[in-house]
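# Architecture and fold: a report
So you can see what is in the structure, the chains are spelled out below.
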Amino acid sequence: MRAVVINEYGSKDVLVEQELPKPVIKANQVLVEVYATSINPIDWKLRAGYLKHMLDWTFPIILGWDVAGKIVEVGSEVKDFQVGDEIFARPDTTAKGTYAEFTAVDEELLAKKPSNLTFEEAASIPLAGLTAWQCLVDNTKVKHGEKVLIHAGAGGVGSLAIQMAKHLGAYVASTASEQNEAYVKELGADEFINYRKQQFEEVLHDFDVVIDTMGGDILNKSFQVLKPGGRLVTITGQPDPALIQKHQVMASSYWLTPNGKQLGELGKLLEKGILKPQVGSILDFSAEALQKAHELSETHHAKGKIVIKVK
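A quick note: this is a predicted structure, and the numbers were derived from the prediction, not measured.

Between its first and last C-alpha atoms helix α9 (residues 260-271) spans 16 Å; for 12 residues at 1.5 Å apiece the expected length is 16 Å, and the two agree. Residues of α9 that are buried: Gly260, Gln262, Leu263, Leu266, Gly267, Leu269 and Leu270. Burial along α9 is one-sided: seen end-on, the buried residues are contained in an arc of 160 degrees. The backbone nitrogen of Lys261 has a side-chain oxygen 3.0 Å away, supplied by the residue at the start of α9, namely Asn259.

Grouped together as the largest cluster of nonpolar side chains are 91 residues, with contacts concentrated most on Tyr99 and Leu266. In terms of residue count, the dominant contributor to this core is helix α3 (residues 126-139) (7 residues). In this view, Leu266 contacts Ile125, Gly129, Leu130, Trp133, Met164 and Leu275; residues no more than four positions away in its chain are not counted. Counting 15 residues, the second largest nonpolar core, distinct from the first, contains Val210, Val225, Val249 and Ala251.

Applying the stated criterion to the full structure yields 4 aromatic pairs. Note on Trp57 and Trp65: the rings are 6.2 Å apart at their centroids and 45 degrees apart in plane angle, and the pair reads as tilted. Residue classification places Trp65 among the buried residues on the basis of a relative accessible area of 0%. We note Lys112 situated over the ring of Phe81; from NZ or CZ to the ring centre the distance is 5.3 Å.

Let's shift gears to the packing of α3 against helix α4 (residues 156-167). Interhelical geometry of α3 versus α4 gives an angle of 50 degrees and a closest axis separation of 8 Å. Here α3 is positioned oblique relative to α4, judged by the angle of their axes. Considering how the two elements wind past one another, α3 and α4 form a crossing that is right-handed. Residues Ala128, Gly129, Thr131, Ala132, Trp133 and Leu136 of α3 lie in contact with α4, whose contacting residues are Gly156, Val157, Leu160, Ala161, Met164 and Ala165. When its residues are assigned to classes, the contact of α3 with α4 shows 9 nonpolar, 3 polar and no charged.

Further remarks concern the sheet that holds strand β12 (residues 226-234). Spatially, β10-β9-β8-β11-β12-β13 is the arrangement adopted by the 6 strands of the open sheet, whose pairing is parallel. Here the strands that pair on one side only, and so sit at the sheet edges, are β10 (191-194) and β13 (250-253). Averaged over all adjacent pairs, the angle separating strand axes in this sheet is 15 degrees, with direction ignored. Sheet analysis places strand β8 (residues 147-150) next to strand β11 (residues 207-212), joined by 3 bridges and oriented parallel. Paired with Ile150 across the two strands is Ile211, which belongs to β11.

Looking now at the environment of Trp65. Here Trp65 shows up in the loop between α1 (41-47) and β4 (67-74). It is 5.7 Å that separates the C-alpha atoms of Trp65 and Pro91, two residues lying 26 residues apart in sequence.

Glancing now at the pattern of salt bridges. Following the criterion strictly, the structure yields 15 salt bridges and no others. Where Glu86 meets Lys113, a salt bridge forms, and the shortest distance between an N and an O atom there is 3.7 Å. Of this pair, Glu86 sits in strand β5 (residues 86-89) while Lys113 is found in the loop between β7 (110-112) and α2 (119-123), placing the two residues 27 residues apart along the sequence. Accessibility expressed as a relative area gives 32% for Glu86, which makes it partly exposed. Each of the salt bridges in this network shares a partner with another, and the network as a whole consists of Glu201, Asp217 and Lys221.

Our next topic: α4. Taking 1.5 Å of rise per residue, the 12 residues of α4 would be expected to cover 16 Å, and the 18 Å separating its terminal C-alpha atoms lies within 8% of that figure. The buried count for α4 comes to 10 of 12 residues, which makes it a mostly enclosed element. Among the residues making up α4, those that are buried are Gly156, Val157, Gly158, Ser159, Leu160, Ala161, Ile162, Gln163, Met164 and Ala165. Among the structural elements, α3, β8, β9 (171-176), α5 (181-187), α9 and β15 (305-309) are those in contact with the buried residues of α4. A positive phi of about 90 degrees marks Gly169, the residue just after α4.

Cut-offs used in this document
Residues numbered from 1 in each chain as written. Predicted model: local features only at pLDDT ≥ 70, side-chain atom pairs only at ≥ 80, totals over all residues. Heavy atoms only, no water. Helix = DSSP H or I, 4+ residues; strand = E, 2+ residues; numbered from the N terminus. Expected span 1.5 Å × (residues − 1). Buried < 20%, exposed > 50% of the residue type's maximum accessible area, 1.4 Å probe, protein only. Arc of directions from axis to C-beta. Polar contact = N/O pair within 3.5 Å; in protein donor to acceptor, adjacent residues only side chain to side chain. Core = buried A, V, L, I, M, F, W, Y, C linked by side-chain atoms within 4.5 Å. Contact = heavy atoms within 4.5 Å. Phe/Tyr/Trp six-rings, centres within 6.5 Å; stacked < 30°, edge-to-face > 60°. Lys NZ or Arg CZ within 6 Å of the ring centre and 35° of its normal. Axes fitted to C-alpha atoms, helices over the stretch in contact; angles between N-to-C directions. Parallel < 35°, antiparallel > 145°, perpendicular 65-115°, else oblique. Left-handed = near helix turned anticlockwise from the far one by under 90°. Nonpolar A, V, L, I, M, F, W, Y, C, P; charged D, E, K, R; others polar. Pairing = 2+ DSSP bridges. Salt bridge = Lys/Arg side-chain N within 4 Å of Asp/Glu carboxyl O.

Shown next as structure tokens:
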């Protein structure tokens with residue numbers, strides 16, 4: 001099979017095309033023919049070597065942890081899926097990812113592809129969608145009428161989180177650049193903060209929840225907008241214990257847990273049109289296209305999701 005791999009850590013230029021054997025599936029897995037995958041920050045963070053101590057893998061490494069495609073083979077213990085099923089998934093984090101024509105996925109991580117979505121749209125959902133859902137529902141337990149700040153509302157996670165928070169009945173504020181003001185309001189944001197001209201921590205007060213996708217200075221300033229007893233979750237970085245104590249809030253760092261059942265629940269919201277996929281760009285499947293996709297993702301200014309059309 002064709003795959004785009006890395007054989008060393010480094011810049012986007014270490015992404016190269018290579019012929020590799022198709023994955024051999026275990027009893028609890030299916031083999032998926034990949035129709036589309038998408039780019040997430042974990043892809044280029046791993047490529048650059050930032051995660052090598054956490055994920056100590058041998059080369060070649062196939063990046064990519066979003067997939068939409070068709071099942072072409074099922075393991076002996078697989079019960080609920082069969083050959084020909086159209087699926088989408090956030091596969092387990094292994095060195096055999098989805099920048100390839102075929103990938104192996106555990107049955108418990110699979111969900112049926114929503115019938116009203118293209119493969120490209122479906123591939124944009126799993127990692128970002130599960131991240132948004134787990135931050136809002138499992139971690140901060142957002143309730144109807146609460147005030148939620150979502151940073152970088154035009155991004156992959158942010159654009160889905162705004163829609164979900166509105167579905168949960170929250171009042172939503174979001175930061176973005178001025179060219180994305182109409183976009184985040186269209187997604188459902190009640191209040192827009194132009195981060196280039198406004199200091200969000202001076203504008204917003206008494207919020208119940210902050211979903212931080214940026215880390216660093218933005219994470220630290222986010223404590224100022226929370227009311228005592230408020231909740232903050234960050235998907236990049238570690239909250240400062242001194243700030244947690246000073247502001248009397250709950251705050252934690254969050255790392256996604258792949259989950260097929262939850263993805264199935266997101267699938268229902270997508271089929272009803274409550275949640276709409278946000279595909280910003282679709283590129284073809286080549287080393288050059290993936291280099292370009294990584295470069296775009298690394299700017300932190302990509303709108304929606306960057307999707308790779310594999311088939």
